[in-house]
Amino acid sequence: MEIVEETSPTATTAAVLTGPSSRRVVIMPSAAKTEGVRTVVLPHPRAAVPAKYLISASFVLELTRHTPPPRNPYDPNSAPQPSCWFVGDSVEKDGGLYLASPIDVLLLALPFLDSHRSQTAASAGRFVALDEILFDANWEDLRSLKPFLEADRTIEQICEVKDVGGDRYLRLSDSLVLQWLVAKVERVQTKLEQLEPQLNRQSLLTPTATQSSANLRAAVAIVAGYLNDKWRQQLTAHFGPSLTEQFTYAADSSQAPVYRQNSAPQSTRPPPPPAAKKKGKAPVVARAGSMGNIASFCQKKS
């Protein structure tokens, strides 16, 4: 990874992520050091689909791609507008913008901690060594999380610990997980309230809802976007039935959840009529040596 421009000395940095055959423009925290950064593939904690992360000795960052807007603003499923990046003296055909943001490693480890304890209705499950939990032939990069889980006793936030003969064994605790998730929601809610002057949250308000309850719903939606159905249901149930079944998610499970306010009015604006074809005009043909439309320059070559 190479730094091409620092957008703010204290906020974010624009960097270029270099791959085997292409480069990607990434916005990442300035505090994240770029030495030794590598891309790993881990299952997204919500749907277990492959997702990419940036990892080094000091941080784990979630990598999400934001595509250009669609060609047809009235059809969100239409192809995106052609776009590209000019990096140095070259042109990168992928015009998407990648955001690298910090992610709690416990969210990534939670599904594996849950499955390895082998919990049943009659038993709280078994204690398992961390090396066994992080060993998965389908996800070789999972072992990269071990230093982060062991640092500052991070894993003990959601696990019971038993030391036997100098070895440490872990078992996920439902009560600790829920306590940890509730605290995370409360921190996100506090942050949203601090950012209130810069945010337009009217789309989250119902006629009877208060601003605080709107921020709470938004905070739950953000945290629930990283949980599977089991933990999402437990989290929303903790805050009351009014939050249960109020969230829908984007089709791409690697993206953040989309909050839908059922009472919000739907747009009734009709799509624009198709443009009438003009007769009597010959198609415009670029002359040899002239430069065509920049859109065609950015399109993928066939």
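Refer to the structure presented above.
Calculation notes
- Residues numbered from 1 in each chain as written.
- Predicted model: local features only at pLDDT ≥ 70, side-chain atom pairs only at ≥ 80, totals over all residues.
- Heavy atoms only, no water.
- Helix = DSSP H or I, 4+ residues; strand = E, 2+ residues; numbered from the N terminus.
- Buried < 20%, exposed > 50% of the residue type's maximum accessible area, 1.4 Å probe, protein only.
- Contact = heavy atoms within 4.5 Å.
- Areas by Shrake-Rupley, 256 points an atom, 1.4 Å probe, with all protein chains shown as cover.
- Pairing = 2+ DSSP bridges.
- Expected span 1.5 Å × (residues − 1).
- Axes fitted to C-alpha atoms, helices over the stretch in contact; angles between N-to-C directions.
- Left-handed = near helix turned anticlockwise from the far one by under 90°.
- Nonpolar A, V, L, I, M, F, W, Y, C, P; charged D, E, K, R; others polar.
- Polar contact = N/O pair within 3.5 Å; in protein donor to acceptor, adjacent residues only side chain to side chain.
- Core = buried A, V, L, I, M, F, W, Y, C linked by side-chain atoms within 4.5 Å.
- Parallel < 35°, antiparallel > 145°, perpendicular 65-115°, else oblique.
- Salt bridge = Lys/Arg side-chain N within 4 Å of Asp/Glu carboxyl O.

A. Inspection of the overall build of the protein chain at higher detail. Counting its regular elements, the protein chain contains seven helices and 14 strands. Taking all 302 residues of the protein chain together, 36% fall into the buried category. Contacts in the protein chain between residues at least 24 apart in sequence constitute 52% of all its contacts with a sequence separation of at least 6. Summed over all atoms, the accessible surface of the protein chain reaches about 18,700 Å², with 54% contributed by carbon and sulfur.

B. Structural context of the sheet that holds strand β12 (residues 167–172). Read from one edge of the open sheet, three strands run β10-β12-β11, paired in antiparallel fashion. Of all the strands in the sheet, the pair left with one neighbour each is β10 (128–129) and β11 (159–164).

C. Seen up close, helix α4 (residues 174–194). Taking 1.5 Å per residue, 21 residues should reach 30 Å; α4 reaches 30 Å between its end C-alpha atoms and fits that length. Those residues of α4 that sit buried are V177, W180, L181, V182, K184, V185, Q189 and L192.

D. Examining unusual backbone geometry more closely. Phi at A48 is positive, roughly 65°, even though this residue is not glycine. Residue classification places A48 among the partly exposed positions, given a relative accessible area of 49%. Positive phi, normally seen in glycine, also occurs at R153, with a value near 55°. Exposure remark for R153: the relative accessible area of 56% places this residue in the exposed category.

E. Representation of the packing of α4 against helix α6 (residues 229–238) in the model. Remark: α4 packs on α6, axes separated minimally by 10 Å, with the N-to-C direction vectors making an angle of 65°. Crossing of α4 against α6: the hand is right-handed. Residues D174, V177, L178, L181, V182 and V185 of α4 touch α6, and the partners they reach there are W231, Q234, L235 and H238. Its residues assigned to classes, the contact of α4 with α6 shows seven nonpolar, two polar and one charged.

F. Local environment of the side chain of R171. Structurally, the position occupied by R171 is in strand β12. Residue R171 is classed as buried on the basis of its relative accessible area, which comes to 16%. Of the polar contacts made by the side chain of R171, one reaches the backbone oxygen of G125; its length is 3.0 Å. Every residue in contact with R171, bar those within four places of it in the chain, is listed here: R117, A124, G125, R126, F127, C159 and E160.

G. Broad picture of the nonpolar core. Counting 44 residues, the largest nonpolar core has L149 and I158 as its most contacted members. No other element matches helix α1 (residues 105–116), which puts eight residues into this core. Here I158 is in contact with L106, L110, L113, L172, S173, L176, V177 and W180, once residues within four sequence places are set aside. F59, L61, L63 and Y98 belong to the second-largest nonpolar core, a separate cluster that totals 10 residues.

H. Seen up close, the packing of α4 against helix α5 (residues 211–224). Where α4 meets α5, the axes come as close as 8 Å, and the angle between the chain directions of the two elements is 125°. What the angle tells us is that α4 and α5 run oblique. Handedness of the crossing formed by α4 with α5: right-handed. The segment α4 lies against α5, with L181, K184, V185, V188, Q189, L192 and E193 engaging S212, N215, L216, A218, A219, V220, I222 and V223.

I. The arrangement of the pairing of β11 in detail. Pairing of β11 with β12, which is carried by six bridges, proceeds in the antiparallel orientation. Residue pairing across strands places V161 opposite L170, the latter belonging to β12. Counted between consecutive antiparallel strands, the loop separating β11 from β12 contains two residues, among which G165 sits at a positive phi close to 60°.

J. Representation of the pattern of salt bridges within the structure. Overall, the coordinates contain 11 salt bridges when judged by the stated rule. A salt bridge links R153 to E156; the shortest N-O distance between them is 2.9 Å. R171 is the salt-bridge partner of E160, the closest N and O atoms lying 3.4 Å from each other. Of this pair, E160 sits in strand β11 while R171 sits in strand β12, and the two are 11 residues apart along the sequence. When salt bridges that share partners are traced, they join D114, R117, D174 and K230 into one network.

K. Layout of the side chain of R117. Tracing the backbone through its elements, the reader meets R117 in the loop between α1 and β10. By relative accessible area, R117 is classed as buried at 2%. Side chain to side chain, R117 and D114 meet in a polar contact 3.0 Å long. Not counting residues within four places of it along the chain, the set of residues in contact with R117 comprises A124, G125, R126, R171, L172, S173, D174, K230 and W231.

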